[in-house]
Structure formats: C-alpha cells, structure tokens
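# Secondary and tertiary structure notes
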Amino acid sequence: MAKTNDFTNFAAERPNYFPGQYLLEDDFELQHKYLSDRQRYHNQSLHISGIMEGLEVTVIHDAKSVQIKSGSAINSSGDLIILKENITFSDFKNLTDGVLYIQYAQEKQVQQQKDVPDSYTRWIEKPILGFATTLPENSVYLAKLTIVQNTITLDANVREYSGLSLPNSNSKALTLRSGGNATPNLAVLTGSLKIDGDLTVAGTISGTIDTKNIASGILSIDRIPNLSADKITSGILNVDRIPNLSANKITSGTIVGDLTVNGNITGKNLSLAADSSKRGALFLAAIGDYNHVLYNNLSNIDNEGAWDGTKWNVYNGLNIRVGSNNSKSTAFYINNTGNVAIGINNPGDYKLNVQGNQFLKGSLTVQEGKISLDGSQQIVFSDTGTTNQLKLQFWSGYGLGVNGSTLFYTANGNHSWRDNQNIERMLLSTAVDGGLTVKGTGNSSFGGNLTVTGSLSVGVSVGSTTNIDLSGHVQLKEYGQQNIAFLQARDDSSNRDIGLRIRTQMKGNTQKTLVEAVTITPSGEIQGKIWYSDEYVWNNGQPEVKMGHSSKCVAFLTYVQGKFAGGGEQVFTYIKSDGYWYLGGNQGSAGAGVVAKARCIGSPS
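Nothing here was measured: the structure is a model prediction, and the numbers come from that model. (Residues numbered from 1 in each chain as written. Predicted model: local features only at pLDDT ≥ 70, side-chain atom pairs only at ≥ 80, totals over all residues. Heavy atoms only, no water.)

## Considerations on the confidence of the model for the protein chain
Chain-level statistics for the protein chain give a pLDDT mean of 78 and a share of 79% at 70 or above. Counting interchain partners and residues more than four positions distant, the pLDDT-below-50 stretch residues 248-252 has four contacts. Contacts for the low-pLDDT stretch residues 288-298, under 50 throughout, to residues beyond four places or in other chains number 30 contacts. (pLDDT = per-residue confidence, 0-100. Contact = heavy atoms within 4.5 Å.)

## Things to note about the nonpolar core
Ranked by internal contacts, the top residues of the largest apolar core, which has 20 residues, are I68, F89, L100, I102, L142 and L145. Sorting the residues of this core by element identifies β4 (65-68), β6 (80-83), β8 (97-103), β11 (128-132) and β12 (140-148) as the ones contributing at least two each. Looking at this core, the element that brings in the most residues is β12, giving five residues. In this view, L145 contacts V66, F92, T96, D97, G98, L100, F131, I152, T153 and L154; residues no more than four positions away in its chain are not counted. (Core = buried A, V, L, I, M, F, W, Y, C linked by side-chain atoms within 4.5 Å. Buried < 20%, exposed > 50% of the residue type's maximum accessible area, 1.4 Å probe, protein only. Helix = DSSP H or I, 4+ residues; strand = E, 2+ residues; numbered from the N terminus.)

## Remarks on the pairing of strand β39 (residues 580-586)
Bridge count between strand β36 (residues 545-549) and β39: three bridges; the pairing is antiparallel. When the bridges of β39 are listed, K546 appears paired with Y582. Pairing between strand β38 (residues 570-575) and β39: six bridges, direction antiparallel. Looking across to β39, one finds that V571 is bridged to G585. Hairpin geometry of β38 and β39 is characterised by an intervening segment of four residues between the two adjacent antiparallel strands and by a positive phi of about 90 degrees at G579. (Pairing = 2+ DSSP bridges.)

## Topic: the sheet that holds β12
On the basis of which strands lie adjacent, the open sheet formed by four strands has the order β11-β8-β12-β13 and antiparallel pairing. Both edges of this open sheet fall to β11 and β13 (151-155), since each of them pairs with a single strand only. In this sheet, neighbouring strand axes are inclined to one another by 30 degrees on average, regardless of whether the strands run parallel or antiparallel. Bridge count between β12 and β13: five bridges; the pairing is antiparallel. Residue pairing in the sheet places T146 in a bridge with T153 of β13. (Axes fitted to C-alpha atoms, helices over the stretch in contact; angles between N-to-C directions.)

Printed below as a string of structure tokens:
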C-alpha cells in the first residue's frame with residue numbers, strides 16, 4: 001500500500017487507568033493524541049479530500065459577497081473541517097478571478113491565568129475561508145468565482161466531494177467519488193474494475209469497446225455499436241443494437257434480439273412468435289379507411305377462433321380513438337409508463353384516470369393504497385334503508401350506519417376520540433360495565449341538563465384534590481323512599497374516619513380568602529362559627545332596644561355597667577308580643593346610671 005502517513009510520531013501507547021491513580025498533563029495529552037492520530041489516519045488512508053455535506057455557495061444579490069452554508073469536509077491530512085453556521089464572505093482581496101476554499105485551523109483560547117502565556121485551557125477549531133487564484137495546499141474547493149464590476153458569477157462545477165480511497169500495493173491512487181455538481185448522480189472510479197458476478201446496466205454504456213479487448217469466453221453482443229460485421233464468422237448471432245450489420249450477412253436462421261427496419265416489410269401474413277408456430281396475423285386496413293387501423297387474427301390462422309384478442313406493447317403510448325373522418329376523440333389511452341386513461345389522452349400520475357360517470361355492479365377491492373376525494377365531493381347512498389346495516393364498514397363489527405332517524409357507529413370494542421397527534425383524549429368502553437373516560441386538563445361543558453342514572457364519582461382516588469364547581473341552586477333529592485336527602489362524607493374502604501367541612505369565601509385584594517365555616521367531625525360533632533349580631537346598647541332613661549326575631553335567634557346580655565343601689569334597678573332581655581327580642585331595664589329610685597349591651601345568636605332576622 002502506498003505510504004500516506006509518517007509513523008515516526010504516531011502514538012503507539014495510551015494511558016491505563018486505575019482507581020487512585022495520579023494523572024499528569026502528559027497522560028491526558030497522550031490519550032488525546034492516541035485517539036486523534038487514529039482518526040486522522042483513518043480519514044487520510046480510507047477517504048479522499050473533499051466536501052462531505054453542505055458548504056453550498058450562493059451569490060448575495062446587490063452586494064459584493066457570497067453566503068457559505070454550514071457543512072463539513074475532509075482535507076488531505078485527514079482533518080475533519082466543520083463550519084457550524086452560515087457565513088457571509090466578501091474578502092476577495094481585489095481579485096477578479098479565483099477559487100473560494102476552506103482550510104482546517106485551530107487556535108488556543110480561554111486563558112486561565114493572564115500572566116502565564118501557556119495557560120490556555122482550550123483548542124478551538126475555526127475553519128479559514130479564503131479566496132485565491134490557485135488552491136492553497138491542504139484546502140478544499142468550494143466554488144470558482146468571477147467578479148466583473150461588483151457582479152459575481154459562480155461556477156460550482158469545481159467543487160470536489162469526499163469519497164473512498166482503496167488501499168493498494170503501489171502509490172497509484174485508486175479512488176471512488178461522485179462526479180460533483182456537474183454530474184451528481186455519477187460515481188467516478190479511478191482505476192480498473194473487476195466484477196466476479198453479474199453486471200446489470202439500466203442506462204447506456206459509453207466509451208470505446210473494441211472486440212480486440214475480448215480475448216476469451218462466450219461473446220454476448222449487447223449495446224456494442226462499433227462491432228463490425230466482419231468480426232462475426234460463425235455461431236449463433238445475438239443481434240442487439242448493431243447498426244452497421246449489413247443485411248447480406250443475414251441469410252437465414254434465428255435473430256435473437258431487436259430488429260430495426262428503416263424500410264417496409266411486405267407479406268401476406270406476418271406471424272410474430274417465440275418459436276416457429278403461427279400465433280397470429282397482422283393486417284393493415286385498406287387505403288382511405290381511417291376508422292380501422294389494426295386487426296388481429298382476421299382469418300383465424302391459429303384455429304383458436306377469430307377475434308380472440310390482441311396484445312400490444314407500446315413505448316410512447318397507445319391511443320385508441322373513436323369517431324369518423326377528422327372528428328375523432330380519445331376513448332382509451334395508455335401512456336409510456338403504463339398509466340391508463342378513459343375519455344382523455346392524459347392519465348397524469350394515475351394508474352387509471354376515468355373522465356365521466358362510472359357504473360359498477362359488484363364489489364370494488366383496494367388491496368393497497370387509499371381512496372382520496374376532493375374536499376367538495378361526497379359519498380352518496382341512493383337508497384333510504386332503515387335497517388341497522390352498516391353503510392361504511394371498516395372491518396367486521398366496526399363502521400358507520402344509519403337507520404330511520406339515527407346516524408350511528410359501531411365498534412366491537414372501545415370508542416376512542418384522538419387529536420391530530422394520535423393522542424387519545426376520550427375513551428368509551430362498549431363492555432356491559434364500561435364507562436366514559438375523558439382525558440386531559442381542559443374544561444368540559446354541557447349546554448343542557450346532565451342526567452346520570454348511576455353513581456357520579458369525581459376524583460375517587462385517595463388524596464385527590466379534584467373540585468366540582470357549581471353555579472346556582474344545588475338540590476339534593478330524596479334518597480330511596482326514606483323521605484330524606486343525604487349529604488355524606490364517605491370512604492369506600494371503610495378503614496378511615498372521614499368528616500365533613502363547609503367553607504365560605506371572603507373577597508380579597510389579590511386572592512380569595514376561604515373561611516372554615518362549619519366542620520362536622522366523624523363522630524357527628526358540629527364545630528365552627530355561629531352567626532351573631534352586632535351589640536345592641538341600652539342606657540337608662542332611654543326606650544327599650546328592639547333586636548332579632550325569636551324564631552331566628554336567641555338574645556343574651558354581653559355587658560352591664562352601673563350602680564345597683566337596691567332601689568329597683570333592672571337590666572333584662574325579653575320577647576314581646578310581636579315575637580322580637582328587646583333589651584331594656586329600670587332606672588330605679590336611687591337614680592343610679594346603668595348601661596347594658598346584648599347580642600342575638602342564630603341567624604339574621
């Protein structure tokens with residue numbers, strides 16, 4: 001193999017790590033050199049310099065500059081060049097004709113100590129983009145540019161793409177790469193090619209192929225236009241695309257391959273077959289008969305019955321027209337790719353393109369692919385069947401149907417509603433004990449009433465903090481036939497004490513304020529706040545003070561002040577005939593000043 005690398009400084013050792021090891025700077029540099037030497041050696045020995053991907057060059061209009069897109073390349077030393085982002089380049093150095101190139105470059109950065117010159121902690125790879133009359137050493141072509149009066153003309157055909165380098169025993173390059181921008185679908189092999197198996201060529205073989213290069217073996221002549229007839233002396237002639245083979249060379253026998261005739265073939269019956277048996281007859285209609293062009297087997301020459309069918313192989317399309325004289329229209333058309341049209345002469349990209357209405361009696365089976373309709377079209381059923389038969393059946397037990405008044409769909413399993421990312425949002429089980437599951441965190445709403453004939457469970461898991469938000473009047477109906485409604489705290493497992501709490505809400509400046517109003521303990525004890533009124537005040541010498549109604553509350557004294565001298569001074573609360581509580585008293589004969597206060601507890605009157 002040709003020598004491509006200097007092994008003198010090649011790293012042939014690497015660190016061996018173990019717990020508690022004391023590592024030095026040389027250990028890390030050796031590890032890096034060991035890996036980088038092998039990577040560069042691989043790139044240099046098994047690849048050739050060129051672009052790997054990206055790095056396309058485009059001219060920026062109305063500006064003397066070009067844009068170079070991000071990409072990668074390998075140079076002749078095996079360095080991997082990475083351009084991380086698009087770059088605008090305009091440093092043309094007053095040159096009017098030259099090449100745009102990219103080079104590998106690295107520099108030290110991130111200085112740890114400003115006073116220590118060799119304290120940089122990073123090697124940063126920064127490719128160099130340049131423009132010169134000739135390509136510098138170890139660079140990669142990007143484009144050829146010509147600049148005339150600030151107008152840039154770009155030639156991308158000079159771009160070379162990386163390829164494979166095949167090791168051999170001498171220094172002659174043996175490489176495989178693409179044909180570049182000029183012929184991107186061409187693989188270019190530098191060197192000879194030996195194929196031990198079969199070679200199939202769908203395109204054209206070009207170049208000089210001479211029979212003197214065929215020394216032995218069986219000669220199968222295929223696409224060799226410069227093979228002269230005098231090279232063929234005996235044997236079976238396999239004729240295929242030999243334009244200079246003269247007719248006097250063919251006297252009798254079998255021609256295997258294509259036969260091109262530039263003149264006329266005249267004969268009563270022409271039988272085209274794979275062997276010597278008669279398969280059919282070809283006839284042209286009489287002169288002036290433009291309505292009939294081609295018949296098959298007119299005289300029943302194969303004794304299998306006249307008019308038993310025709311098979312045609314065409315290259316540029318088969319057009320069957322109907323009509324008379326010059327007024328003809330296409331009835332059936334097959335293009336050169338096998339697509340069929342009925343009623344027009346252009347099937348487009350469709351295997352079958354039918355213009356007009358179709359009547360199909362029987363089943364239509366689509367084994368692969370899909371049925372597509374324009375958005376403005378419909379699938380219309382002509383009858384008005386009222387059975388529960390499915391109108392659209394996806395497979396057994398699944399589909400859409402309609403009866404006298406209901407559009408329904410059927411599934412032998414679950415009903416699933418999904419979004420455009422195929423994520424399930426709602427699931428309805430069709431089992432006897434199945435249910436409806438709505439997934440997601442959004443809100444659901446009902447425009448009318450929601451009736452649940454069974455139990456309604458919300459947030460049934462232990463520790464759930466799910467809320468039920470209701471607006472308006474909440475009614476609890478009779479449970480069973482007990483003449484009573486229940487509001488119950490419940491634990492289905494029956495292994496925990498569960499109480500009941502009622503909260504109220506006060507308005508706040510920035511957030512709501514919840515008030516723990518009433519708590520009923522698991523044992524039935526009621527705790528919480530009871531309504532009571534503001535304090536009513538009575539001073540001696542004033543009329544009695546009216547308070548709340550006795551059906552709503554109970555009154556009690558909260559404050560008494562003054563001197564009781566035994567002269568009949570009194571303070572009291574009492575219910576008058578109107579049913580209200582009153583606060584009052586008697587001053588007494590001693591003339592002592594008495595003040596009393598009271599509240600009502602219960603509910604507002």
